[in-house]
Amino acid sequence: KAGVTQTPRYLIKTRGQQVTLSCSPISGHRSVSWYQQTPGQGLQFLFEYFSETQRNKGNFPGRFSGRQFSNSRSEMNVSTLELGDSALYLCASSHRGGLAGDEQYFGPGTRLTVT
Amino acid sequence: AQKVTQAQTEISVVEKEDVTLDCVYETRDTTYYLFWYKQPPSGELVFLIRRNSFDEQNEISGRYSWNFQKSTSSFNFTITASQVVDSAVYFCALSEARGGTASKLTFGTGTRLQVTL
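The structure contained in this document is the topic of the report that follows. Quick caveat, the model's predicted, so the values are computed rather than measured. (Residues numbered from 1 in each chain as written. Chains lettered and ligands numbered in written order. Predicted model: local features only at pLDDT ≥ 70, side-chain atom pairs only at ≥ 80, totals over all residues. Heavy atoms only, no water.)

**A word on the overall build of chain B**
Piece 1. Regarding its fold elements, chain B presents zero helices and 12 strands.
Piece 2. Shown N-terminal to C-terminal, the secondary structure of chain B runs as helices and strands in the order β-β-β-β-β-β-β-β-β-β-β-β.
Piece 3. The C-alpha atoms of chain B give 14 Å as radius of gyration, which agrees with the globular expectation for 117 residues (13 Å, within 12%).
Piece 4. Based on the C-alpha atoms only, the size of chain B along its principal axes is roughly 45 × 30 × 20 Å.
Piece 5. Residue pairs at least 24 apart in sequence account for 57% of intrachain contacts in chain B once pairs closer than 6 positions are excluded.
Piece 6. Of the roughly 5600 Å² of accessible surface on chain B, 49% is carried by carbon and sulfur atoms. (Helix = DSSP H or I, 4+ residues; strand = E, 2+ residues; numbered from the N terminus. Rg over C-alpha atoms; globule rule 2.2 N^0.38 Å. Contact = heavy atoms within 4.5 Å. Areas by Shrake-Rupley, 256 points an atom, 1.4 Å probe, with all protein chains shown as cover.)

What follows is the structure, given as C-alpha cells:
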C-alpha cells in the first residue's frame, strides 16, 4: 500500500498570504489528523477529520482550518500567514482514528516558510 | 491535562551499545494509549509501537524493547546493540480515549539519539 502523501513538500509564502496544504491518506484509512512541528513548540495537534467531519480540534486560532473530501483526502488552510506559522506540517492517517486509538501513520510533511 | 515528558534531550552512544530512552506520562484517564515514533532526518514520523493502558506486557521486536509500568507512569524504550541507522529523534506520545479523542496525540519533546562508529 502507498503511504501517506503530502503536497507540496516545500512552500515559501509571504506574511499575510494564505496557503493550502494537501494530504492523501493510506488507502482505506478514514481518519486524517494534522500536526504542526516547530523547534519551539514541538509537535502540536491541529485537528482531525473523519468521514468529512471535524472530530477533534487543537488549540490553534481560527486562521487554521481544514476539510476532508469524500475520498478521505484532506486539505488544511492557513489564512493571513504570520512568521510564527513557519513549521513542518505533518498529516497522519489511521483506519478508525479517535474511536480506538489506532496507530497513526505520518506523511513526509510540508515545510512551510513564511517570510 | 495529559502530558508527556522526555527528560533526555540528546543521547550519544557508540555503535553496539545499548541505550534506553525514557518516557514519563501524565493522564487522568483510565483508558489511554502510548506510542513511540522515530523521526529520521528526512522528517517523516515512523510508527514503532502502540500500547493501551490495560496491556502492561513488555514487548520485544528485534533489537527494540519497551517497558511499560503503570505504577511509575513510564513507557521506556530500549535499543539493544545500537546501530548508526538508529540515529534519529524519538518521540513518545499519549492519547486519551475519553470522548473519542484518541486520535489526538500529545507528544513529548523528543530525544535525539546519535549513534557513532
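Here the narrative resumes, following the displayed structure.
**Describing the sheet that holds strand β7 (residues 64–68) of chain A**
All names here are of chain A.
Piece 1. As summarised here, the arrangement of the four strands in space is β1-β3-β8-β7, forming an open sheet in which the pairing is antiparallel. In this open sheet, the two edge strands, each paired with only one partner strand, are β1 (5–7) and β7. On average, adjacent strands in this sheet sit at an angle of 20 degrees to one another, irrespective of strand direction.
Piece 2. The sheet contact formed by β1 and strand β3 (residues 19–24) spans three bridges and is antiparallel. Residue Thr-7 lies in a different strand from β3, and its bridge partner there is Ser-22. (Pairing = 2+ DSSP bridges. Axes fitted to C-alpha atoms, helices over the stretch in contact; angles between N-to-C directions.)

**Points about the interface of chain A and chain B**
Piece 1. With 21 residues of chain A at the interface, the matching set in chain B holds 18 residues.
Piece 2. Joining chain A to chain B, the criterion identifies two salt bridges.
Piece 3. Applying the counting rule to chain A against chain B returns three residue pairs in polar contact (both at pLDDT 80 or more).
Piece 4. Among the secondary structure elements, those contributing two or more residues to the side of chain A that touches chain B are β4 (31–38), β5 (42–50), β9 (87–94) and β10 (105–106) of chain A.
Piece 5. Residue composition of the side of chain A that touches chain B, by class: nine nonpolar, eight polar and four charged. (Salt bridge = Lys/Arg side-chain N within 4 Å of Asp/Glu carboxyl O. Polar contact = N/O pair within 3.5 Å; in protein donor to acceptor, adjacent residues only side chain to side chain. Nonpolar A, V, L, I, M, F, W, Y, C, P; charged D, E, K, R; others polar.)

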